[in-house]
Amino acid sequence: MKSENQYIGDDKFKKFLNHYNCPTPLEVVKMRFAGAICSPNKDLRPTDVIISFWPEGRTPRLETKNEAELFFKFFMGLWDEMFITVTENKLALPRISPQEDLIKVCENRYNMVEQGFVEGFWGGEENIKIPAYIAQIVDSLSQVALHYKTLIAKINPAQENKNIFDAVLECDKMAVKSMAFIVEHYVLPHIEELKRTVN
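Here the structure is a predicted model, which is why all the values come from computation and not from measurement.

A.B. asks: Mind showing me how you'd approach the overall build of the protein chain here?
C.D. replies: Of regular secondary structure, the protein chain possesses 7 helices and 0 strands. Taken against the 2.2 N^0.38 rule, which gives 16 Å for 199 residues, the C-alpha radius of gyration of the protein chain at 17 Å falls within 12% of a compact globule. With the C-alpha coordinates of the protein chain rotated into their principal frame, the extents come out at 55 × 40 × 30 Å. Counting only residues that meet the buried cut, the protein chain has 44% of its 199 residues in that class. About 11400 Å² of surface is accessible on the protein chain, with carbon and sulfur atoms providing 49% of the total.

A.B. asks: Teacher, can you tell me more about the packing of aromatic side chains here?
C.D. replies: Evaluation of the coordinates by the stated rule reveals 20 aromatic pairs. For the ring pair Tyr133 and Phe181, a centre distance of 6.1 Å and an interplane angle of 90° mean the geometry is edge-to-face. Within this pair, whereas Tyr133 is found in helix 6 (residues 132–152), its partner Phe181 is found in helix 7 (residues 162–187), the two being separated by 48 residues in sequence. Judged by relative accessible area, which is 30%, Phe181 ranks as partly exposed. A cation over a ring is seen here: Lys149 above Tyr110, with NZ or CZ 4.4 Å from the ring centre.

A.B. asks: Help me out: how do you make sense of helix 1 (residues 10–19) in this one?
C.D. replies: The α-helix advances 3.6 residues per turn, and as a result positions three or four apart in sequence lie on the same side. Taken together, the buried positions of helix 1 are Phe13, Phe16 and Leu17. End-on, the buried residues of helix 1 take up no more than an arc of 95°, which puts them together on one face. When the buried face of helix 1 is taken as reference, the exposed residues oriented beyond 90 degrees from it are Asp11, Lys12, Lys15, Asn18 and His19. Buried positions along helix 1 lie against helix 2 (26–37) and helix 4 (65–87).

A.B. asks: When you look at the packing of helix 5 (residues 102–122) against helix 7 in this model, what are you seeing that I'm missing?
C.D. replies: When two helices pack together, their arrangement is given by the angle between their axes and by how far apart the axes lie. Across the interface, helix 5 lies against helix 7 with an axial gap of 11 Å and an inter-helix angle of 15°. One finds that helix 5 runs roughly parallel with respect to helix 7. The way helix 5 lies across helix 7 gives a crossing that is left-handed. Mapping the contact onto sequence places Leu102, Val105, Cys106, Arg109, Val113, Phe117 and Phe121 in helix 5 and Ile164, Phe165, Val168, Asp172, Ala175, Met179, Ile182 and Tyr186 in helix 7. Grouping the constituent residues of the contact of helix 5 with helix 7 by class yields 13 nonpolar, no polar and 2 charged.

A.B. asks: Would you mind going over the packing of helix 2 against helix 5 with me for this structure?
C.D. replies: Interaxial distance between helix 2 and helix 5 falls to 6 Å at its minimum, and their mutual angle equals 30°. When the axes of helix 2 and helix 5 are compared, the pair comes out roughly parallel. Where helix 2 crosses over helix 5, the two elements pack in a sense that is right-handed. Only Asn111, Met112, Gln115, Gly116, Phe117, Glu119, Gly120 and Phe121 of helix 5 make contact with helix 2, whose side of the interface consists of Glu27, Val28, Met31, Arg32, Ala34, Gly35 and Ala36.

A.B. asks: Quick question: what am I supposed to make of the environment of Ile152 here?
C.D. replies: Take Ile152: it is sitting in helix 6. Given the relative accessible area of 22%, Ile152 is considered partly exposed. Once the C-alpha coordinates of Ile152 and Glu107 are considered, the two residues, 45 residues apart in sequence, prove to be 7.9 Å apart.

A.B. asks: Hey, could you run me through unusual backbone geometry in this one?
C.D. replies: If a residue is not glycine, its phi is most likely negative; likewise, a peptide bond is most likely trans. Here Asn21, not a glycine, exhibits a phi torsion of approximately 50°, which is positive. In this structure, Asn21 sits in the loop between helix 1 and helix 2. Among the residues examined, Asn21 registers a relative accessible area of 58% and is labelled exposed. Backbone geometry at Asn161 places phi at a positive 60°, although glycine is not the residue there. Mapping Asn161 onto the fold places it in the loop between helix 6 and helix 7. The exposure class assigned to Asn161 is buried, which follows from its relative accessible area of 9%.

A.B. asks: Teacher, can you tell me more about helix 6 here?
C.D. replies: A rise of 1.5 Å per residue sets the reference length of helix 6, with its 21 residues, at 30 Å; its end C-alpha atoms lie 31 Å apart and thus fit the reference within 8%. Within helix 6, the full set of buried residues consists of Ile134, Ala135, Ile137, Val138, Leu141, Ser142, Val144, Ala145, Tyr148 and Leu151. Buried residues along helix 6 sit in contact with helix 5 and helix 7.

Calculation criteria
Residues numbered from 1 in each chain as written. Predicted model: local features only at pLDDT ≥ 70, side-chain atom pairs only at ≥ 80, totals over all residues. Heavy atoms only, no water. Helix = DSSP H or I, 4+ residues; strand = E, 2+ residues; numbered from the N terminus. Rg over C-alpha atoms; globule rule 2.2 N^0.38 Å. Buried < 20%, exposed > 50% of the residue type's maximum accessible area, 1.4 Å probe, protein only. Areas by Shrake-Rupley, 256 points an atom, 1.4 Å probe, with all protein chains shown as cover. Phe/Tyr/Trp six-rings, centres within 6.5 Å; stacked < 30°, edge-to-face > 60°. Lys NZ or Arg CZ within 6 Å of the ring centre and 35° of its normal. Arc of directions from axis to C-beta. Contact = heavy atoms within 4.5 Å. Axes fitted to C-alpha atoms, helices over the stretch in contact; angles between N-to-C directions. Parallel < 35°, antiparallel > 145°, perpendicular 65-115°, else oblique. Left-handed = near helix turned anticlockwise from the far one by under 90°. Nonpolar A, V, L, I, M, F, W, Y, C, P; charged D, E, K, R; others polar. Expected span 1.5 Å × (residues − 1).

Encoded structure:
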């Protein structure tokens, strides 16, 4: 699928988010878009998701029509990029190394999985009727996200924490596997129905 809105790339998009004082990091933006693309909430629009990246009442004021068009064009470029990633079932979490700050890694992982994919999937409507096995998989994703948080308390900054690193990798495998299952068995069979527009 050829996107009408070209994605500007991670570096430029981060600067774009900073310009508009967006408190949601790019990794979470991507995962929330992915979850929203998979969402059973048929009334959910990309605009709703974009607005959710700012606290209530702090959405950027777009001064001109041209600025507004560019603002949504940039976001929809990323949306279309994530739509392709979903249709190819290639959702993934960034690779990590043992040298990284594991506390920060676990916090980021929690945000990406829970505040990103899971929040995007429900689209503000957790009472939507979906197959029980899919609801269970989404719930299991939330459990994995919580496990990242429990790992934080076990990290000793003065030690190597290889066991924590290994546990994070196991959580990553479970999270990616769960998202892949949702995409393969729930999303791809009716992917054409899930295409959404800004308006």
